[in-house]
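So the chains spell out like this:
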Amino acid sequence: SADYLREPLRPQYHFSPEINWMNDPNGLVFHDGEYHLFYQYNPAGNSWGHMSWGHAVSADLTHWQHLPLAIPEADGIMAFSGCCVVDHHNSSGFRRGDQPAMVAIYTGHGNGKQVQNLAYSNDNGRTWTKYAGNPVLDIDNPDFRDPKVFWHEATGRWVMVVSLAKEKVVVLYASKNLKDWSELSRFGPAGVAQKSNWECPDLFELPVEGGEGKTLWVLEVDMGSGSVAGGSGGEYFVGHFDGTRFTATQEAKWVDFGRDFYAPVSWSDIPQSDGRRIWIGWFNNWQTCLVPTSPWRSCMSVPRTLSLRKTPGRDDSGGDDSGGYVLVQRPVKELQQLRVHSRSIQTHGATWPPVAVTKPGELTDRVFELETTLKPGTARSVGLRIRTGDDEFTEVGYDREPGAVYVDRRKSGNVAFHQAFAGRHEAPARVLDGEVSLRLLVDRSSIEVFINDGEAVISDRIFPSGQKPTIEVFAGDESAQVTATTLHVLDSIWHP
Ligand code: FRU
């Protein structure tokens, strides 16, 4: 069995490479029963460099099988981020035999510029051939990258969204054959952090919850610095796409309020019978990316199902369709198969100091999920501490002022490896009928907090030293409560 999974900080159910450096997810595509996950990978070391596409597959978005390097750096040209599609109609002519070709559209980085290249596979992604006619898009620009392509049924053509990173602009292109591209339109500069860049765009249609079939389009873009919790992060626009142009109908919003969710992209070709839009993000931040793990670095978030929810948000302009849609993210349902033991936790009467609510030995595997409800009452704050150890904890709570859920990792373990790592990250949260609901996914070196059924998320890496953690709860005064708490102990892939 895989010894590497024994490392104390090794994620058990979040994807990580066995050795070496990883960043963005790439080429997410579903084909023939397999979810493919390609990723930015350095085959030669544990920090960024020699960027190539690593590869893994999964039948259930939960258990991943590592596969050999898919697209290597070659002749000084690195294989930067991009996407994959299944060319069902053989528009590209790359098919050999019965199976449709899988086509990767990715950025070639080298010789002082960034261009868009193709590679194709005729054996379900196992081996790849670079297209002899590369590049397929070259505008002589050093910051032109991260193409995401989808088939647009209504106009019968491929549409690409790709970023002019320095300009904070995304460009839309169209093609009939994936080889010849013509510009359709541009979007930006726009967004929150005007000074930062844009990379890794994604553009897709999403259902509105309870909207009786109503859909809207989402444009997601990532910035290398200046994001909500500091360092890199993503923002999204909600609006319309008419086959040519994307129009935003509300201001940009933050994708995730933690520090460690970057460059999410969504799976292509999930069958309509399934109907989900699922994405995954790099569980890291460029600013603090040299995290204290070796001989590997970085993991992915859990895969998340997306939808839109109309909320009376702070920027809702008054009941029309122009404001108040938030992107809802939920862990994919497949992850529930990891629950090996579930029980409800009694939390009556906890105030201050925090009281332990787990049994000795219960969390030795250090992988669990917690569903809980916070009732703030009139208290200043209420919440939990997880991964507690000797003078060590990560706190998750609700603060009445300013009305936000927070993750505080200042005492979470090793925070000294980078001066910007220790911190406290807040997400605005609605109190609905006196309650805020939380779902926490905890792995060996991470926490993801899904707030109010996914309408905000805080994703943070943590590097605890404690091997025998407990969960503690606290409430600022008697009016506040932590209630309805269910603990799910999850399967650790490594069984000691
Ligand atoms: C984003 C990014 C992309 C680029 C890749 C290089 O994290 O900078 O824009 O394609 O990483 O590894």
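Above: the structure in question.
Worth saying up front: this structure is predicted, and the values here are computed from it rather than measured.

(A) Spotlight on the pairing of strand β14 (residues 215-223). Across the 9 residues that make up β14, a large majority, 8, are buried. Sheet topology note: the strand β13 (residues 199-207)/β14 ladder contains 7 bridges and is antiparallel. Paired with F204 across the strands is V218, a residue of β14. Sheet topology places β14 next to strand β15 (residues 233-241); 7 bridges connect them, and they run antiparallel. Residue pairing in the sheet places M223 in a bridge with G233 of β15.

(B) Representation of the nonpolar core. Grouped together as the largest cluster of nonpolar side chains are 37 residues, with contacts concentrated most on V405, L438, L440, I447, V449, I451 and I471. Sort the elements by how many residues they give to this core and strand β30 (residues 436-443) lands first, with 4 residues. Formed by 27 residues, the second largest nonpolar core is a distinct cluster that contains Y13, M22, Y35 and L441.

(C) A look at the sheet that holds strand β22 (residues 325-331). Pairing is antiparallel across the open sheet formed by 4 strands, whose spatial order is β18-β19-β21-β22. Sheet topology places β18 (262-266) and β22 at the edges, where each strand pairs with a single neighbour. Taking each pair of neighbouring strands and ignoring which way they run, the sheet shows an average axis angle of 40°. Alignment of strand β21 (residues 304-310) against β22, held across 7 bridges, turns out to be antiparallel. Note that in β22 the partner of K310 across the bridge is Y325.

(D) Here's a closer look at the pairing of strand β9 (residues 144-152). Counted residue by residue, β9 has 8 buried out of 9 residues, so it is predominantly covered. Relative to strand β10 (residues 157-164), β9 runs antiparallel, the two being bridged by 7 bridges. Of the residues in β10, the one forming a bridge with V149 is M160.

(E) Broad picture of the sheet that holds β9. The strand order β9-β10-β11-β12 describes an open sheet built from 4 strands, whose pairing is antiparallel. Edge positions in the sheet fall to β9 and β12 (182-187), since each has one partner strand and no second. The sheet shows a mean angle of 25° between the axes of neighbouring strands, direction not considered. In terms of strand pairing, strand β11 (residues 169-175) meets β12 through 5 bridges, oriented antiparallel. When the sheet's bridge partners are listed, V171 is paired in β12 with R186.

(F) The pattern of salt bridges, seen in detail. Tallying each qualifying case throughout the model produces 31 salt bridges. One salt bridge in this structure joins D202 and K148, with 3.1 Å as the shortest N-O distance. Of this pair, D202 sits in strand β13 while K148 sits in strand β9, and the two are 54 residues apart along the sequence. Judged by relative accessible area, which is 6%, K148 ranks as buried. One salt bridge connects D260 with R409, and the closest N-O pair in it is separated by 2.9 Å. Highlighted residues: D260 in the loop between β17 (253-254) and β18 and R409 in the loop between β28 (404-408) and β29 (424-428), separated in sequence by 149 residues. Of the residues examined, R409 reaches a relative accessible area of 0% and is grouped as buried. Each of E209, R309, R330, R430, D453 and E455 takes part in salt bridges that share partners, so that together they form one network.

Analysis parameters
- Residues numbered from 1 in each chain as written.
- Predicted model: local features only at pLDDT ≥ 70, side-chain atom pairs only at ≥ 80, totals over all residues.
- Heavy atoms only, no water.
- Buried < 20%, exposed > 50% of the residue type's maximum accessible area, 1.4 Å probe, protein only.
- Helix = DSSP H or I, 4+ residues; strand = E, 2+ residues; numbered from the N terminus.
- Pairing = 2+ DSSP bridges.
- Core = buried A, V, L, I, M, F, W, Y, C linked by side-chain atoms within 4.5 Å.
- Axes fitted to C-alpha atoms, helices over the stretch in contact; angles between N-to-C directions.
- Salt bridge = Lys/Arg side-chain N within 4 Å of Asp/Glu carboxyl O.

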